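Notes for the structure review
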Amino acid sequence: HPMNVTLPAALMLLDPETYPTQSKARKSIRQRSVCILRDDTSPSSASLPPTKFKELGKVISRIYPGDKIGFQRRAGSDYYAVQGVPYRSPPFEVPVVYEDDYMAIVNKPP
């Protein structure tokens, strides 16, 4: 067994019915629907490259023993996590100056 595999390969191994080809797995990853929860508490994580505890999957992401893969679905204009990475509000407020049915003007912080 290899110590790590690419995210598309992991998806194909874990769910060959949903991801029968590498192309299908890559498409799902590029649509930002796959998240990775790193197991930063394991002793082997010291040898891994430093990563955030939660991250969106990328086609080049490596999956290591103990990592968890989560999936998010689109609900309206926001994503929410089905499992794995919960949605979190940004750490800042963006004041809305004007808003109507077609546009919004916001005061973006520097």
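Residues numbered from 1 in each chain as written. Predicted model: local features only at pLDDT ≥ 70, side-chain atom pairs only at ≥ 80, totals over all residues. Heavy atoms only, no water.

Another point: helix α1 (residues 7-14). Among all positions in α1, only Leu7, Pro8, Ala10 and Leu11 are buried. Projected down its long axis, α1 carries its buried residues within an arc of 160°, all on one side. (Buried < 20%, exposed > 50% of the residue type's maximum accessible area, 1.4 Å probe, protein only. Helix = DSSP H or I, 4+ residues; strand = E, 2+ residues; numbered from the N terminus. Arc of directions from axis to C-beta.)

This paragraph deals with the confidence of the model for the chain. In the predicted model, the chain carries a mean pLDDT of 76, and 68% of its residues have values of at least 70. Within the chain, the lowest mean pLDDT, 48, falls on strand β6 (residues 78-81), and the highest, 92, falls on α1. (pLDDT = per-residue confidence, 0-100.)

Let us look at the packing of aromatic side chains. The geometry of an aromatic ring pair is captured by two quantities: the separation of the ring centres and the angle between the planes. Scanning the model with the defined rule gives one aromatic pair in all. When the centroid spacing of 6.4 Å and the interplanar angle of 15° are considered together, the rings of Tyr19 and Phe71 count as stacked. With Tyr19 in the loop between α1 and α2 (22-30) and Phe71 in strand β5 (residues 68-75), this residue pair connects regions lying 52 residues apart in the sequence. Exposure remark for Phe71: the relative accessible area of 26% places this residue in the partly exposed category. (Phe/Tyr/Trp six-rings, centres within 6.5 Å; stacked < 30°, edge-to-face > 60°.)

With that out of the way, let us pick up the nonpolar core. Of all hydrophobic cores here, the largest spans eleven residues; its members are Val5, Leu7, Ala10, Leu11, Tyr19, Ala25, Ile29, Val34, Ile36, Ile63 and Ile69. Of all the elements in the fold, those that place two or more residues in this core are α1, α2 and β2 (34-37). Top contributing element to this core by residue count: α1, with three residues. In this structure, Ala10 is in contact with Val5, Ile63 and Ile69, ignoring residues within four places of it in sequence. (Core = buried A, V, L, I, M, F, W, Y, C linked by side-chain atoms within 4.5 Å. Contact = heavy atoms within 4.5 Å.)

What follows deals with α2. Taken together, the buried positions of α2 are occupied by Ala25, Ser28 and Ile29. The arc that holds every buried residue of α2, seen down its axis, measures 100°, which confines them to one face. Pointing more than 90 degrees away from the buried face of α2 are the exposed residues Ser23, Lys27 and Arg30. A positive phi of about 60° marks Arg32, the residue just after α2.

Time to look at a nonpolar patch on the surface. Side chains of Val97, Tyr98, Tyr102, Met103 and Ile105 sit close together on the surface and give an oily, nonpolar patch of about 590 Å² of accessible area. On the secondary structure map, Tyr98 appears in strand β7 (residues 96-99). The exposure class assigned to Tyr98 is partly exposed, which follows from its relative accessible area of 39%. (Patch = residues over 30% accessible without salt bridge, like charges linked within 9 Å, V, L, I, M, F, W, Y side chains within 5 Å. Areas by Shrake-Rupley, 256 points an atom, 1.4 Å probe, with all protein chains shown as cover. Salt bridge = Lys/Arg side-chain N within 4 Å of Asp/Glu carboxyl O.)

As for its position among the elements, Val96 is in strand β7. Take Val96: its relative accessible area is 46%, and that puts it in the partly exposed class. When the C-alpha atoms of Val96 and Lys108 are compared, they prove to be 9.0 Å apart, with twelve residues separating the residues in sequence. The residues touching Val96, leaving out its near neighbours within four places in the chain, are Ile105 and Val106.

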